[in-house]
Structure formats: C-alpha cells, structure tokens
Amino acid sequence: MRIWIAEKPDIAKDIVKALGGKVDRKDGYFDCGSDVVTWCFGHILESAEPEIYNPAYKQWNSADLPLRLYPVKLAPKDSTKKQVNIILDLLKKSDSAVHAGDPDDEGQLLVDEVLIYANYQKPVKRVLLNDNTDAAVKRAVNNLKDNKQFQGLYLKALARSVGDDIYGKSMTRAYTLAARAKGYRGVLSVGRVQTPILGLICKRFLDNKNHKESFYQTIHGQFKTDHGVFNANWKVSENAPQDDKKRLIDEGYADRLSKHLMGKTFDVVSAAVCDKKEFAPLPFNLLKLQQAMSKSNKFSAKKTLKITQDLREKHKAITYNRSDCQYLSNEQFQEAPELLSALKNGLTQFSEYPINENQKSKAFNSDNVTAHTAIIPTTNVPKLTALTDDERVVYLTIAERYIMQFLPPKIYKEAIAVLKWDLETFSCSAVDIQDKGYTAYYQNKDDDSEDTEQETDPTSDYAIIAKLRTGVSVTCESCRYENRKTTPPPIFTESTLLAALSRIADYVTDPKIKAALKAKDAGKKGEFGGIGTPATRDSFVPLLVNRGFITIEKQKLIPTQAGLDFYHSLPKDVTQPDLTALWAEKQQEIEKGQLDIDVFVNELYDDIQRLLREDIANNLKVDASSSENVLSVKCPLCQSELLENSKAIASCKARCGFVVWKVMSSKTITRNQAETLIEKGKTGMIKGFKSKAGNPFDAKLVLDSTTGKITFEFESKGKK
C-alpha cells in the first residue's frame, strides 16, 4: 500500500481525483485501493513545551537561558492528535509514501516532520503541485521525484523553525523576567523577525518626526548648438560642498558657479543614440502582488493572501500562491498556447491585445525557478460572475500580468550626451518612442517603492540632442540654480514595509553583512536579502497591532508609546535587522549543503548569550501598572488573573489549566470575545470558523464555568 500525505484536505481531494478508480471515504483518509490519501491541517506537529526538553524549564529562570531546544522534540498539537494517530497507523501499514506538501520549504518541513516523528524508513517520493487544476495534478502524480532531492529545503525550514523557537522563547523569558522584577504583570514578546520589524517601524517614525528641514541646490544649464537649444543638468563635482547623498548644500556656491558658467564653451565628451526595448514586467510573486493590490485597491497583505488562497484552492484558477519567485519554466512556455487560448476565450477584455504566443519573454527561464514558479492563471478560467468583487480584481491583475509576457516590447531611441568644461560636467538625455508596445495596453502600477528625493531630468527636444557628436562644442547660454527642500523619510505603510523586508540590506547597519547581502542578490532588481517568508510576512503587522505596539492610521504604521518604550529598551542588535538577515543567509547556506544545522544552532546560542549580557534590567522601560496583557476578567476556575500570550487570548496565571486559544477552528478570537465568553458564559454569533474539512460555519462560543470546557452553539442545532 502506498500512502499519500497532503498538506491539507483540499489537496488530498485533488490527488484522489487524479489517481482515479474506486474511492472509499474513511475517517481521516481516502481508500483508493492500492493507494490511501490522507492529509495534514498545515503543521499538525509542533516543538514540545520547554519542560519536555528539560524539567527545569517549567519555571522561568534567567540562569537557564538560552533554552536548549535542539534537537527538536515534536509533539502533536492538541487540535490534531486524532489525525496524527490516523496518519501514524496508515504509515505502519504502508510499503511506501508520497510527500504532498506545498512546493516550498515550509511545505517540505511539515510533511517531513511527520515522517520523522513516525520514524518512517520506507521509500518516500515527492509530488510537486504548483498548479492544482485536474490536468496539472494528474501530470504531477505521474511524475514523482525522490524526496531525498529536497533534503536541503527541509533543513532550511527546520533551521528557521528551531531558530525562531530558541530565540523567541529565550529572549521573551529574559525580557519578561526583567519586566516582572519591576512590577510588570504581562509578557514581553521578543521575536527573531517581529522585533526587528518593530524596530524598522519605530526608527522610521522617529526619523520622520525628528527630521529637520534643510535645503539643497540643483543647477540647470541651457545650451546652444547649430541645431537649436537644449537643457542639461549639472553633476555635483568632487570639490563641491555636499551631503551624504551627494547633493550640493551651499546656496552661495550654487549662485557663484551658475553665474561663472554662463557663456562658457563646453566640449561634448560623449554622445550617443541607443536603440532601446522595454519588455513587460515579470509575472507576480506574492510580495509583488501584495504591493500591487495595496496600491490599487488598498488591500492588506493578509487580505490579498487570503484571496489568492481561495483563487487557488476553491476556484483552481491560479498556480501556487505563496511563491517568492517571478520566473516560469521552459516547460510552461511550451504550454503557453493552450493557456493563452483559454484566457482569450474566457476573458473578453483581453481579446484585442496583440498577443504573440511565440514570443519568449525573459520570464521563461528554468534556471531562475526556485521551488516554485511565478503566480499565473491556470487553464481553468473561472466565470467572472462566479468570483467575488475582490477575487475578480486580484484574478484579472494576475491574468493581465501573464498576458503581458506575450505583448510586443516598447521600442524607443534614447539620445544621451555629456558636456564638460574644466572640472564641471553636465549631462542630458531624451527619448523618442517608436512603438508603445505593451505600454499602450498596460501601465506598471505595482511598483510601490518609497518616495525619494530623486531629481527628474528636464529633457529637451530629442532631435537636438540626437544630433550632438563627440568633440563638438556647445555654448552655455544660461545657467540657474534651484533651492529644493529635503523631505523626511516617509512613514512605513504595510506595502512599503513588505518591500523593505525583501531588500533588508538597505536597512542593515553592519557594512560586512550589507555587502554580503548585496553581493548574493546581485542582478535581482530591488532585492537584497530578506527576512520573514512570503507566507508569514503579512502576519507581523496584525501581530504588532494586537500586542499594542503599533496602530494603523490612514495606512501608515504608527508606533504606540508602549511600542516606542519597548524599542528604546532593547539593544540595537535586537531591533536592527542585521542578525536576523545574517541568520536568514545562513539558512540559505544550510539548504545548499554549505553549512551544518548543528553549527548554525550553536552559533545561535552564542549570539543569544551575547545579547543576554546586555544590562536588560536597567535599560528596560515598562509601566508596572500596565494591564496590556492582563484581561479584565478572572479565571472562572480559580479566580486568578488571566494573561494573554503568543498562543492564548486568555491563560490562567496560576496555571490551573484554563485557557482560551487565540485561534479556534481557523478563526482568531478577539480579547473582547474572550472576555465576554468568560464574563457571560456565551459570546454573540461569531462568523468565519472552519471545520477540519475546510467548511465554513458560524457559531457562538459557550463556556462551562465548572470545567472550563468551551463548546460551539449553532443558531438552529444547539450545542455541538
């Protein structure tokens, strides 16, 4: 018997359909004759509680830090114990297994850890499901790989998971113990990624608020030739007074130089006319799509992720949605005519686009494909009326970007020239568009780079600059300077923060780490190292909001006073992204077999020990009267205080066992709902729960105050 282990129930159903034949639905799996198909619910195992590693860890003690939580000890989650036992039983009966996790490192980890937990020694294959349409799944199940080929992905994800566990639990205990010594009653959560993100938000906010307005100068000249007059811009010379951005910062100097240059004869030291082509931007990865939807529709990153999840799993309309890759395989280029035909037939708004299915854009390059490919439509083109308004706009955005790969490039000529007199240099450029190409149908709306003080070159008539030749002379007829105000760095929005997390080298302070990150990602436009993953980056803003560290005002991320106090209390190594980015690079090395995970963990212990030598107690600023993590109601079982922590919205401080988990049946429970439940014994109707089979339902939560047990109450069916 061969067992297939899917990441989630919907994927299991797709595999069953692809396998064909007689199917018998059992409790927790499908019986397909010689095959059985079962499923996880994402991660069904987790690292055991610290006291399982060492009984002394049950009590929080600074002498025990950092916590030694490796090698990892796995344990079933409370909510998935039944399914874990079903899978373990099936594995015992099987002759071989097929790993059907999502095609990324996290998907690799969550099924591999089940196999390791079961001590499974029999052959294991891997199925890669980037596209879950019927035809694509059928191709994939008939093209299995050896799971050993993906050992690097597993180790990379394991290193990240272990590192997060050790760092987060150790540093949280250290700062919470220091805070409690000052009378604080809650938990101060420190995370490997969440805390540097808070640091980025706080630093940017403070830089914006503390910005002192100043001026810099630009100089523009007007030059005369036999063919007419054109404009050019002065390049700041080495001997000119300038700031760290190489901008002129002396108005008197600008005034004197402008007057001095008028009437001077400049030599054209270089001139050229270049034929240029501009091709459509690459297809989307998750980050680029989240940025595009934030800019065009003000969607949060989390909302865009949820919509793409539905487009993939419910409608089977797009490929794998958590991708960090913008490239497609050569095989996908061969399949393009079929997909383009389906899109043209199903989406009439693109019927007039001049599509050339034989045009192979730079997006189609198998060498640049990672564990997954860019997000593109599938041949299963949905009826737009069957989509919600939000699903429709995201789907059409993805479809249009794919179609752009087959539109003609924008063709233009660019004339450039450099002028020189003595030590002073001017430059100019102008373009002449020959063919608008894809830009006649599409404007690149997804770039959400931050506002900068980049200067726009004034361009003169193309025909004049195009006639300039190296060696000729031109006369500076007029020259003037302009005063320009410096602008404060813009406060982060969720979209610009996401962009920052994918080019984290721009925010790293250590020059060696910065240089290493930029060298590694040379050639990747706008990407220089990263922290977080495509699947988790969207979660940090809601997390920081929930913990009271930031608020969102008109899309801007504003730190609260509590957030600022915490930021100022932490050592720079904790709030800056340097160490986090370095650890992320080490995880890449682990994937490639260049670094052993044991070495990574031991270095992590050393880094944490160094951080713990900081004077935490004296630097920490906390409000001892703060009730931020303390609920307004008491434990129904023992009347002790209830605290909020990373997993529970309400957990008994006296550890009597009462707890209200933050997530119940895939629904996040708010503090207000938890307090209502404990105070009144019942909540109002809560929408958005999901059953283990993935079916949505609405229900009230009901508390038995004698046992602490929480059950569902349905509108018409009573308690379940």
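Along each chain, the written sequence defines residue order, and numbers are assigned to residues from 1. Residue-level local features of this predicted model are given only where pLDDT is at least 70; pairs of side-chain atoms are given and counted only at 80 or more, and the full residue set underlies all totals for whole chains, interfaces and linings. Side-chain numbers come from the whole structure's heavy atoms, not from hydrogens or water.

A. Here's a closer look at the sheet that holds strand β7 (residues 96–100). Two strands are said to pair when DSSP picks up at least two bridges between them. To qualify as a helix, a DSSP run of H or I must reach at least 4 residues; to qualify as a strand, a run of E must reach at least 2; elements of each kind are numbered from the N terminus. Within the open sheet, the seven strands sit side by side as β2-β3-β4-β1-β7-β8-β9. Their pairing is mixed. Of all the strands in the sheet, just β2 (24–26) and β9 (145–146) have a single pairing partner and so form its edges. This element, helix α1 (residues 9–19), spans β1 (2–6), β3 (29–32), β4 (35–39) and β7 of the sheet and lies at about 165 degrees to β4. In the packing of helix α4 (residues 105–117) onto the sheet, the strands contacted are β1, β7 and β8 (124–126), and the crossing angle to β7 comes to about 155 degrees. Contacts were defined at the residue level, with two residues in contact if any of their heavy atoms lie within 4.5 Å. All axes are obtained by fitting lines to C-alpha atoms, using only the stretch in contact for helices, and the reported angles, taken between N-to-C directions, cover 0 to 180 degrees.

B. Inspection of the pairing of β1 at higher detail. Partly exposed describes any residue whose relative accessible area lies between the buried limit of under 20% and the exposed limit of over 50%, with all areas from a 1.4 Å probe on protein chains only and scaled to the type maximum. Within β1, four of the five residues are buried, leaving the element largely enclosed by the surrounding structure. Here β1 pairs with β7 via five bridges, running parallel. Bridging across to β7, W4 finds its partner in V98. Relative to β4, β1 is paired through five bridges, and the arrangement is parallel. Each bridged residue has a counterpart across the sheet, and for I3 the counterpart in β4 is V36.

C. Region of the structure containing the pairing of β4. For β4, the tally of buried residues reaches five of five residues, placing the bulk of the element in the interior. Side chains D35, V37 and W39 of β4 all project onto a buried face; the interleaved residues V36 and T38 project onto the opposite face, where all are buried too. Note: β3 against β4, four bridges, orientation antiparallel. Paired with Y29 across the two strands is T38, which belongs to β4. With antiparallel pairing between neighbouring strands as the criterion, β3 and β4 make up a hairpin whose turn holds two residues, including G33 at a positive phi of roughly 85 degrees.

D. Fine view of the packing of helix α10 (residues 301–313) against helix α13 (residues 389–404). Two numbers describe how α10 lies on α13: the axes approach to 10 Å, and their chain directions differ by 85 degrees. For the element pair α10 / α13, the angle class is roughly perpendicular. Residues K303, I307, T308, D310 and L311 of α10 lie in contact with α13, whose contacting residues are D390, E391, V394 and Y395. Three classes are used, and their members are as follows: Ala, Val, Leu, Ile, Met, Phe, Trp, Tyr, Cys and Pro are nonpolar, Asp, Glu, Lys and Arg are charged, and the others, Gly among them, are polar. Counted by class, the contact of α10 with α13 contains four nonpolar, one polar and four charged residues. Any angle from 65 to 115 degrees is called roughly perpendicular, while one under 35 is roughly parallel, one over 145 is roughly antiparallel, and all others are oblique.

E. Molecular detail of the packing of aromatic side chains. The criterion for an aromatic pair is that two Phe, Tyr or Trp rings (for Trp, the six-membered ring) have centres within 6.5 Å, with stacked assigned to planes under 30 degrees apart, edge-to-face to planes over 60 apart and tilted to the rest. Here the structure, examined in full by the defined rule, presents 20 aromatic pairs. We note R126 situated over the ring of F150; from NZ or CZ to the ring centre the distance is 5.8 Å. In this analysis the charged atom, NZ for Lys or CZ for Arg, is taken to sit over a ring once it is within 6 Å of the ring centre and within 35 degrees of the ring normal. A cation over a ring is seen here: R401 above F284, with NZ or CZ 4.1 Å from the ring centre.

F. Quick peek at the confidence of the model for the protein chain. The predictor attaches a confidence to each residue, and that confidence, scored 0 to 100, is pLDDT. Overall, the prediction assigns the protein chain a mean pLDDT of 90, with 94% of residues at 70 or greater. Scored below 50 in pLDDT, residues 451–459 makes 18 contacts in the model with residues more than four places away or belonging to other chains.

G. Spotlight on the side chain of R160. Locating R160 in the fold gives a position in helix α6 (residues 151–180). When near neighbours in sequence (up to four residues on either side) are disregarded, R160 contacts D105, E106, R192, T533 and Q587.

H. Summary view of the nonpolar core. Grouped together as the largest cluster of nonpolar side chains are 68 residues, with contacts concentrated most on Y175, I197 and L497. Of all the elements, α6 adds the most residues to this core, at twelve residues. Once residues within four sequence positions are removed from consideration, Y175 is found in contact with L188, V190, S569, L570, P571, I616 and L620. In this text, buried Ala, Val, Leu, Ile, Met, Phe, Trp, Tyr and Cys residues form a nonpolar core when linked through side-chain atoms within 4.5 Å. With 40 residues, the next largest nonpolar core counts A292, F299, F350 and Y395 among its residues.

I. Representation of unusual backbone geometry in the model. Residue P66 is reached from L65 by a cis peptide bond, and omega for that bond is 0 degrees. Secondary-structure assignment places P66 in the loop between α2 (50–53) and β6 (74–76). Cis geometry is found at the peptide bond from Y70 to P71, where omega equals 0 degrees. Positionally, P71 belongs in the loop between α2 and β6. Even without being a glycine, K316 presents a positive backbone phi close to 50 degrees. Examined against the element boundaries, K316 turns out to sit in the loop between α10 and α11 (330–334). Positioned with a positive phi, K554 is a non-glycine residue whose angle comes to about 50 degrees. Turning to its location among the elements, K554 is positioned in the loop between β16 (550–553) and β17 (556–559).

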